Structure formats: C-alpha cells, structure tokens
Amino acid sequence: MVNVQIKRVYEPAGDEDGYRVLVDRIWPRGITKDDARLDLWLKEAGTSAGLRREFSHRPEKFQAFAAAYRRELEGTEALERLVELAREQPKLCLLYGAKDETHNQAVVLRELILEGLGGSER
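Read on for an overview of the structure.

Analysis parameters
Residues numbered from 1 in each chain as written. Predicted model: local features only at pLDDT ≥ 70, side-chain atom pairs only at ≥ 80, totals over all residues. Heavy atoms only, no water. Helix = DSSP H or I, 4+ residues; strand = E, 2+ residues; numbered from the N terminus. Rg over C-alpha atoms; globule rule 2.2 N^0.38 Å. Buried < 20%, exposed > 50% of the residue type's maximum accessible area, 1.4 Å probe, protein only. Contact = heavy atoms within 4.5 Å. Areas by Shrake-Rupley, 256 points an atom, 1.4 Å probe, with all protein chains shown as cover. Axes fitted to C-alpha atoms, helices over the stretch in contact; angles between N-to-C directions. Parallel < 35°, antiparallel > 145°, perpendicular 65-115°, else oblique. Left-handed = near helix turned anticlockwise from the far one by under 90°. Nonpolar A, V, L, I, M, F, W, Y, C, P; charged D, E, K, R; others polar. Phe/Tyr/Trp six-rings, centres within 6.5 Å; stacked < 30°, edge-to-face > 60°. Lys NZ or Arg CZ within 6 Å of the ring centre and 35° of its normal.

Turning our eyes to something else, we now look at the overall build of the protein. Looking only at helices and strands, one finds five helices and four strands in the protein. Scaling as 2.2 N^0.38, a compact globule of 122 residues should have a C-alpha radius of gyration of about 14 Å, and the protein matches this with 13 Å. Considered along the principal axes of its C-alpha atoms, the protein spans approximately 35 × 35 × 25 Å. The buried share of the protein, taken over its 122 residues, is 43%. Here the contacts in the protein between residues at least 6 apart in sequence split such that 63% fall between residues at least 24 apart. Roughly 6900 Å² of accessible area belongs to the protein as shown, and the carbon and sulfur atoms make up 47% of that amount.

Below, the structure is given as structure tokens:
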C-alpha cells in the first residue's frame, strides 16, 4: 500500500507529510526554501508555460487541462521518478502553489502516480 497526498506548499510542513516534493515548474511566491522544507523540487513535473496560460486556473477548463497535462507527462522521466518515489517512500507529499485545492496539477499527478502503481492506495 502507498500513501500519496497533496498539499499547498504554503501550509506548514508536518511529520505526517513524509517525503515532500514540489511539483511546480516555477518557485511559489512569498515562501523561502527553508520554510518549504522540501526533499525535492521536481520542476520537470510542473505544467508547461503554454498549458498554464491556457488553463489560467479556471475550474471550467480543468477537464481539458487534466487531459492535456496527462499527455505532457506521458512517458517522462519526471513521472517515472514520482512513481519510483511512491514505491520507495512510506509517505509521499506532492506540494503545489495554486490556491484552488481541487483544480491543480498535483491532483492530476496523484492520479497518475496511483495508476502507475496499479491503483493501490492507503
């Protein structure tokens, strides 16, 4: 069983987070690297600039965004690395900077990681 969670990088880090990975291509505003308490910044897992502009964090565009983002990540080393980390770490926490907690790239990444693990979830 695997534990993959998502969390805003602006929320305080906790022991329950486990291995903390920032999955934004751009560093989040207003937070220091010390405050973020990252184990890894995997920029390559973030969305491309074009896709980010197209989505503009508009919930009505989320389904199209998610499909396009899945295509962007298909077969990438970044996704393979996240699946590998999920296998190795007792807990994996995907960190993101977006304000919307249900319409962001970390939601899509979590689904992809779980699919890569065969759908196992804890």
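Look at helix 3 (residues 62-73) against helix 5 (residues 105-116): their axes get within 10 Å of each other, and the N-to-C directions meet at 50°. In this view, helix 3 runs oblique relative to helix 5, as classed from their interaxial angle. Helix 3 and helix 5 meet at a crossing whose hand is right-handed. Residues Phe62, Phe65, Ala66, Tyr69, Arg70 and Leu73 of helix 3 lie in contact with helix 5, whose contacting residues are Gln105, Val107, Val108, Leu109, Glu111, Leu112 and Glu115. Across the contact of helix 3 with helix 5, the residue classes tally to nine nonpolar, one polar and three charged.

Looking now at unusual backbone geometry. For Ser56, which is not glycine, the phi torsion reads 50° and is therefore positive. Checked against the element boundaries, Ser56 lands in the loop between helix 2 (49-55) and helix 3. Of note in this structure, His57 is not a glycine but carries a positive phi near 55°. Tracing the backbone through its elements, the reader meets His57 in the loop between helix 2 and helix 3.

Our next topic: the packing of aromatic side chains. On inspection of all chains with the given rule, the structure shows five aromatic pairs. Aromatic pair Phe55 and Phe62: ring centres 6.1 Å apart, planes at 55°, arrangement tilted. A single burial state applies to Phe55 and to Phe62, both of which are buried. Counting every residue linked through ring pairs, the aromatic cluster contains Phe55, Phe62, Phe65 and Tyr69. In this structure, Lys33 is placed above the aromatic ring of Trp27, and the distance from its NZ or CZ to the ring centre is 5.5 Å. A cation sits over an aromatic face here: Lys43 above Trp41, 4.3 Å from the ring centre.

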